[in-house]
Amino acid sequence: MSAETDFIWWKHGVLCEIWPRSFYDSNGDGSGDLQGIIRKLDYLAELGIDGIWLGPVNASPMVDSGYDVADYRSIDPIYGTMADFELLLAEAHKRGIHIIMDIVVNHTSDQHAWFKQSRSSRDNPKRDWYTWHDGKKGGPPTNWKALVGGGTWEWDKHTQQYYLHSFLKAQPDLNWRNPQVKQEIYSTLRFWLDKGVDGFRCDILNYFLKDEELRDNPFSLAAGIFNGFQKHLYTRSQPGMEEILLEFRSVLDEYKDRMMVGEVYVAQDGPAMAAAYMGKGDLCHLAFDFDLLFTKWGAEGFAATMKRWYALIPEQGWPCNVLSNHDQPRAVTRYAAGTDTMQRAKVMAAFLLTLKGTPFMYYGEEIGLPNSKITRKDVMDTIGKMYWPIVKGRDGERNPMQWNAGPQAGFSSVKPWLPLNADYSEINVEAQEKDPLSVLNFYRRLIALRREKPVLQRGGYEQVPSDKGIMAYRRTYRNEEILVILNFAGERKVQAIDSSKRWKVLLGTQRSSESAIDKDGLAVYPYEALILEEDKA
Ligand SMILES: [Ca+2]
């Protein structure tokens, strides 16, 4: 029944984002590294994942934590060497774990050799690899605002022109209208694909192109401070991106079983913009919708977000789902509720791993790892340095993994680059491995169940009417049917169930065996997550 021969790892499997500096430190310098990830591959294999999205590891001055690349064909010494990377690939593949790299090509670091050449003179052959313009009326060429505040234009005294940066001034934007830039990036993709990399997570795809006519963005109060109070009509999501994505895709399609997942910064545009980047199934294989990261706790909100997202997925596209990543506070921190927090973590786990679409976990999620508390002196993230204390940056969710209750939580032999969570004596892998009711063991069982049941990997999704506080949905595939009941509330509820069918418990937080389902419905415990299967035996 469950032997499906066409298992597509990025579609039917479970993926996990790893922030390389925070997973495991193998050489005692306080920073996680590639050898550290290699040492923990058995742990990841036991967890049951099919792939890792590895945060950026290319050489970088780390002005933006590696999202400012100085050499696309290198490994930053913090993380190790190219030999370490090749070993990681080989060892991961041995265990059936795929590796997706972060590819950050909207911009480079200002320390990249290309930019150094580009800014050296107006007639340098690399001049047009970036966007340079004269000013207008004694000021910059347009009113465009960078996403992190300030204008997008930086004056270059030496060549007496402005260069464009959508983010920090240390991150000049590549000129994606220059054919040489495109060819160089595509050749870089091949460089990694030839090594055996299984795909790419493409950073902020919808910023690559900007308006060629240099029209000003209109003022918008609703756009808020991070968008510089303007509607980004001419600075993101410009026409022409489809052609670039088709080219990206054709490079990937030169190889077998490779994929790309797009990060699309949607802001006011909503998840429709992200869905559009899947095209007719011929652009990105997957694109992130971040709505869940901003959805308030509660069955109704979660159900509405999923309904909206599924409705937008193009016919040949495929959803992917994410609760936490390196840019937003971890889900257990967003949804913390005192002593109920770990119960909520299990509800979220059951939700993510029984939805239709590829689950993207975030390392530490499987032990219910909350953010670390960050004080001013701890801040590493430039955003936090710029805007403290109004915006404290993203260090809290990039915190070190907690492996045991020993010194440094078993992450490193020295003080880690970012602080540990204060609760590490309880929230750690070793303690949770011993506890059959831990969040970690629940994740393991859920992932194993998803692997075992094609209906969870491939089935249709349909919301089922439910009592307030409960989210219930059916997953159906061929003649299989699974019913998922998630109680987001800390109180008892009743869920109506089709009592003409016989149901068996596949997995649940509060019960392991058949419970009475009468015509009045099923009594659901507070924060219960329950996965039922129609019993046809
Ligand atoms: Ca290290």
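Residues numbered from 1 in each chain as written. Predicted model: local features only at pLDDT ≥ 70, side-chain atom pairs only at ≥ 80, totals over all residues.

1. Points about the overall build of the protein chain
- When you go through the protein chain residue by residue, the secondary structure sums to 15 helices and 18 strands.
- Its C-alpha atoms give the protein chain a radius of gyration of 24 Å, within 12% of the compact-globule value 24 Å for 537 residues.
- Nonlocal contacts in the protein chain, meaning residues at least 24 apart in sequence, comprise 65% of its contacts between residues at least 6 apart. (Helix = DSSP H or I, 4+ residues; strand = E, 2+ residues; numbered from the N terminus. Rg over C-alpha atoms; globule rule 2.2 N^0.38 Å. Contact = placed C-beta atoms within 7 Å.)

2. With respect to the sheet that holds strand β12 (residues 460–464)
- With respect to topology, five strands assemble into an open sheet ordered β12-β13-β14-β18-β16, the strand pairing being antiparallel. Single-partner strands in this sheet number two, and they are β12 and β16 (503–508). Across the sheet, the mean angle from the axis of one strand to that of its neighbour is 25 degrees, orientation sign disregarded.
- With five bridges joining them, β12 and strand β13 (residues 470–477) adopt antiparallel strand pairing. Residue pairing for β13: E462 is matched across the bridge by R474.
- Helix α9 (residues 299–312) contacts β12, β13 and β14 (480–487) of the sheet and is inclined by roughly 35 degrees relative to β13. (Pairing = 2+ DSSP bridges. Axes fitted to C-alpha atoms, helices over the stretch in contact; angles between N-to-C directions.)

3. Some points on the pairing of β14
- The buried fraction of β14 is high, at six of eight residues.
- Sheet topology note: the β13/β14 ladder contains eight bridges and is antiparallel. In the strand pairing of β14, Y473 is matched with V484.
- The turn linking β13 back onto β14 is made up of two residues, and R478 within it adopts a positive phi angle of 50 degrees.
- Bridge count for β14 against strand β18 (residues 529–534) is five bridges, and the pairing is antiparallel. (Buried ≥ 20, exposed ≤ 12 C-beta atoms within 10 Å, placed from the backbone.)

4. So, helix α6 (residues 179–195)
- Given a rise of 1.5 Å per residue, 17 residues ought to cover 24 Å, and the 25 Å separating the end C-alpha atoms of α6 matches this to within 8%.
- One or two positions beyond α6, positive phi appears at G196, with a value near 110 degrees. (Expected span 1.5 Å × (residues − 1).)

5. Regarding the sheet that holds strand β11 (residues 358–362)
- Read across the sheet, eight strands follow the order β9-β8-β7-β3-β2-β1-β11-β10 without closing on themselves; strand pairing throughout is parallel. The two strands at the open ends of the sheet, each matched to only one other strand, are β9 (286–287) and β10 (320–322).
- Taken together, the three bridges between β10 and β11 define a ladder with parallel strand orientation. Within the sheet, the bridge partner assigned to V322 lies in β11 and is F360.

6. Let's talk about the domain arrangement of the protein chain
- The domain boundaries assigned to the protein chain delineate domain 1 (113–164) and domain 2 (458–534).
- Relative to domain 2, the C-alpha centre of domain 1 lies at a distance of 58 Å. (Domains from an automatic or database assignment.)

7. Some words on the environment of K536
- Along the chain, K536 turns up in the segment after β18.
- Judged by C-beta crowding, with 10 C-beta atoms within 10 Å, K536 ranks as exposed.
- For the pair K536 and E481, spaced 55 residues apart in sequence, the C-alpha to C-alpha distance is 9.9 Å.

8. Describing helix α7 (residues 241–252)
- With 12 residues, α7 should reach 16 Å at 1.5 Å per residue; the first-to-last C-alpha distance of 17 Å fits that figure.
- Every buried residue belonging to α7 is among M241, L245, F248 and L252, and all of these are buried. Buried residues of α7 fall within an arc of 55 degrees about the axis and therefore sit on the same side. Away from its buried face by more than 90 degrees, α7 exposes E243, L246 and S250.
- Those residues of α7 that are buried are in contact with β8 (259–262). (Arc of directions from axis to C-beta.)

9. Some remarks on the nonpolar core
- If you look at the biggest cluster of nonpolar residues, it comprises 139 residues, and the most contacted ones within it are Y277, A287, A349, A350 and L486.
- It is helix α11 (residues 341–354) that contributes the most residues to this core, eight residues altogether.
- Looking at this core, you find at least three residues from each of domain 1 (113–164) and domain 2 (458–534).
- The contacts of A349, once residues within four sequence positions are left out, are V439, F442, Y443 and L446. (Core = buried A, V, L, I, M, F, W, Y, C linked by C-beta atoms within 7 Å.)

10. Comments concerning the pairing of strand β1 (residues 15–18)
- Burial along β1 is two-sided: L15 and E17 and C16 and I18, pointing in opposite directions, are all buried.
- Relative to β11, β1 is paired through three bridges, and the arrangement is parallel. The residue of β11 that forms the bridge with E17 is Y362.
- Looking at chain direction, β1 and strand β2 (residues 51–54) are connected through four bridges and run parallel. Across the sheet, the residue bridging to E17 is W53, located in β2.

11. Focus on the packing of α11 against helix α14 (residues 439–452)
- Taken N-terminus to C-terminus, the directions of α11 and α14 make an angle of 15 degrees; their axes are 10 Å apart at the nearest point. As far as their axial angle goes, α14 and α11 are roughly parallel. With respect to the hand of their crossing, α11 and α14 are arranged in right-handed fashion. For the pair α11 and α14, the contacting residues are M342, A345, K346, A349, A350 and L353 in the first and V439, F442, Y443, L446, I447 and R450 in the second.
- Across the contact of α11 with α14, the residue classes break down as 10 nonpolar, no polar and two charged. (Parallel < 35°, antiparallel > 145°, perpendicular 65-115°, else oblique. Left-handed = near helix turned anticlockwise from the far one by under 90°. Nonpolar A, V, L, I, M, F, W, Y, C, P; charged D, E, K, R; others polar.)

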